[in-house]
Amino acid sequence: MSAREYLDQVAPLMVLKRGHELAKDRPDLTLQLLSDAWQALLAKDGQTLEDAYDHILQTFASREDLLGDIFHSTSNPIRDPDKLKQLIVEVDALDSGQSGTTGPSERVFKRLLALAADDDRSGLGQYYTPRAVVRAMVDCAQPGPTDIIYDPACGTGNLLLAARDHVLRHHRNDMTAEQRAQLDGSRIFGTELVAEASSLAKMNMIVHGMDTGNAVRLIEDRDATLQAPLLTPSIILANPPFGRRLRTNSIPRSPVYTRNGELNFLQHIASTLGVPGRAAVVVSDTFLFAGGAAHKVRRQLLADFDVHTLLRLPSGVFYSTAVKANVLFFDKKEVQPEVPQTSVLWVYDFRADKHFSDVRRKLVPEDLDDFVMCYRPGESRAGRVEAERFKPFSCEELMDRDQVNLDITWLKASGRRDGDSAPASSVIAREIVEDLTVALDEFSVVADLLEQSRIRSSRE
């Protein structure tokens, strides 16, 4: 079977097994139901095992709670009871490690998500952020035990879980019992519109030992741009969908009217972030240079937020498409009237002479270590040092650029040694589609404005 099919089969078993482990220490009704189901599977063989597993999946799928969300689309494709038993035994042998740490079962689940995203790029891949980018975003954001962390397009939940791991890794010994409970209970949360990805995010949280009593609230199944979250986040980590989303129209009270999903997510993030607050958001190249609504959003960000760092990523990094993307880092502070919040934008060019692909070489976390070192997480940006790939640009320079174009490059490629380094035709085609999407969005906005003017004129 494919990696995706294997994930679909193994994930429910890992959730049942993890629930059984956690139920020993936590009086949680949801966990006890998972534990009872897992013990039932371990005790059975042959046809009775197959029947029991089918019954468990169907029973959980019919519930209107967390378990129903997780198991709503699960099924048992293995019709050989001996193979099913072997798989259950293998999952049972996985050691989850110490509570709050990344044990073998968590690492296996992460690896399965990555393999499935790589195997199914038009499906799960668009909801999965590569671990190298995740680690760099989290390392630079520096989440702590008092932060409220939000992802409005959480996909399979990897950014949220990486933030949680960072807090536990760096602050475990400093946290109070109340802070530890709040970390899983309310301080990390997200939204996801696509039910399939949301289900995997909830599975991911259970496998990582998060509080299942709050998991339904921690991952909401809805379009984040249409409603602000209940809590005001101090950190937002996000990889929003690029281009146009038919389900996403102009968000309520948004300063810039547009049907472009990426721009609406950026405006949602900007309006939702608390003061003080910091954000790390994946953005497309199109956002950096497009006119119309994109230009207005860029100008607004520079004026109202401290947009301080831009990481330029090469093509071939993301699973969903081979288009070029970036990570934009900005802070939200108290507004000073008529004074731009942005003073200096530091740009790290990780694009010139950098080539990654699924076939030749994938991006690994160590590839971005130099960027993180240049970023100097947790330190004053006054101490940053200019380097070959890392340069500062003043707000005045940015505002003087045509339409506040942030598509900034200065390094020249040394020349390709072979045809493998050239952009694939699919990359070029995708970039053309993105450009056309932006143009269509702008035409759509103009058409709407003309229609509104016509209606007003007819009423007069």
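Anything mentioned here points back to the structure above.
In this text the structure is predicted, and so the values were computed from the model without any measurement. Every chain's residues receive numbers from 1 upward, in the order its sequence appears when written. Owing to the predicted nature of the model, reporting of local features is limited to residues with pLDDT of at least 70; listing and counting of side-chain atom pairs is limited to 80 or more, with chain, interface and lining totals taken over all residues. Excluded from the side-chain calculations are hydrogens and water; all other atoms, namely the structure's heavy atoms, are used.

Q: Would you mind going over the pairing of strand 2 (residues 188–191) in detail, with residue names and values included?
A: Alternating positions in strand 2 separate into two faces, I188 and G190 on one and F189 and T191 on the other, with burial throughout. Two strands qualify as a pair provided DSSP detects at least 2 bridges between them. Here a helix means four or more residues in a row that DSSP labels H or I, a strand means two or more in a row labelled E, and each is numbered from the N terminus. With three bridges connecting them, strand 1 (residues 149–151) and strand 2 associate as parallel partners. Residue Y150 lies in a different strand from strand 2, and its bridge partner there is F189. By the bridge criterion, two bridges tie strand 2 to strand 3 (residues 219–220) in an arrangement that is parallel. Across the sheet, T191 pairs through a bridge with E220, a residue of strand 3. The buried label goes to any residue with under 20% of its type's maximum accessible area, the exposed label to any with over 50%, and the partly exposed label to all in between, with areas taken from a 1.4 Å probe on protein chains only.

Q: How would you explain unusual backbone geometry if you had to name every residue and give the values?
A: With omega at -5 degrees, the peptide bond leading from V275 into P276 counts as cis. Looking at the secondary structure, you find P276 in the loop between helix 12 (261–272) and strand 5 (277–284). In this model, D353 sits at a positive phi of 60 degrees, which is unusual for a non-glycine residue. As for its placement among the helices and strands, D353 is situated in the loop between strand 8 (344–349) and helix 15 (369–375). Taking relative accessible area as the criterion, D353 reaches 35% and is therefore assigned partly exposed. Not every positive phi belongs to a glycine, and V404 is a case in point at roughly 55 degrees.

Q: Tell me about the pattern of salt bridges, and name the residues and values.
A: Between Lys or Arg on one side and Asp or Glu on the other, a salt bridge is scored when a side-chain nitrogen of the former is within 4 Å of a carboxyl oxygen of the latter. Under the criterion given, the structure shown has 24 salt bridges. Ionic pairing is found between R79 and D54, a salt bridge with its closest N-O pair at 2.9 Å. Placement of R79 in the loop between helix 4 (66–71) and helix 5 (81–92) and of D54 in helix 3 (residues 46–61) is noted, with a sequence separation of 25 residues between them. A relative accessible area of 48% places R79 in the partly exposed class. If you follow the salt bridges from partner to partner, you end up with K17, R18, E21 and E106 in one network.

Q: Could you give an account of the packing of helix 1 (residues 3–23) against helix 2 (residues 29–42), naming the residues involved and the relevant values?
A: Between the N-to-C directions of two axes lies an angle of 0 to 180 degrees, each axis being a line fitted to C-alpha atoms and, for a helix, fitted only over the stretch in contact. One can describe the packing of helix 1 onto helix 2 by two numbers: an axis separation of 7 Å at closest approach and a directional angle of 115 degrees. In terms of orientation, helix 1 and helix 2 fall into the roughly perpendicular class. Where helix 1 crosses over helix 2, the handedness of that crossing is left-handed. Between helix 1, through L13, V15, L16, K17, G19, H20, L22 and A23, and helix 2, the contact on the second element is made entirely by L31, Q32, L34, S35, A37, W38, Q39 and L41. Classifying every residue of the contact of helix 1 with helix 2 gives ten nonpolar, five polar and one charged. Here is the rule for angles: anything less than 35 degrees is roughly parallel, anything more than 145 is roughly antiparallel, 65 through 115 is roughly perpendicular, and the remaining ranges are oblique. In this scheme the crossing of two helices becomes right-handed for a clockwise turn of the near helix relative to the far one and left-handed for an anticlockwise turn of less than a right angle. Contacts between residues were defined by any pair of non-hydrogen atoms, one from each residue, lying within 4.5 Å. Each residue is assigned to one class: nonpolar for Ala, Val, Leu, Ile, Met, Phe, Trp, Tyr, Cys and Pro, charged for Asp, Glu, Lys and Arg, and polar for all the others, Gly among them.

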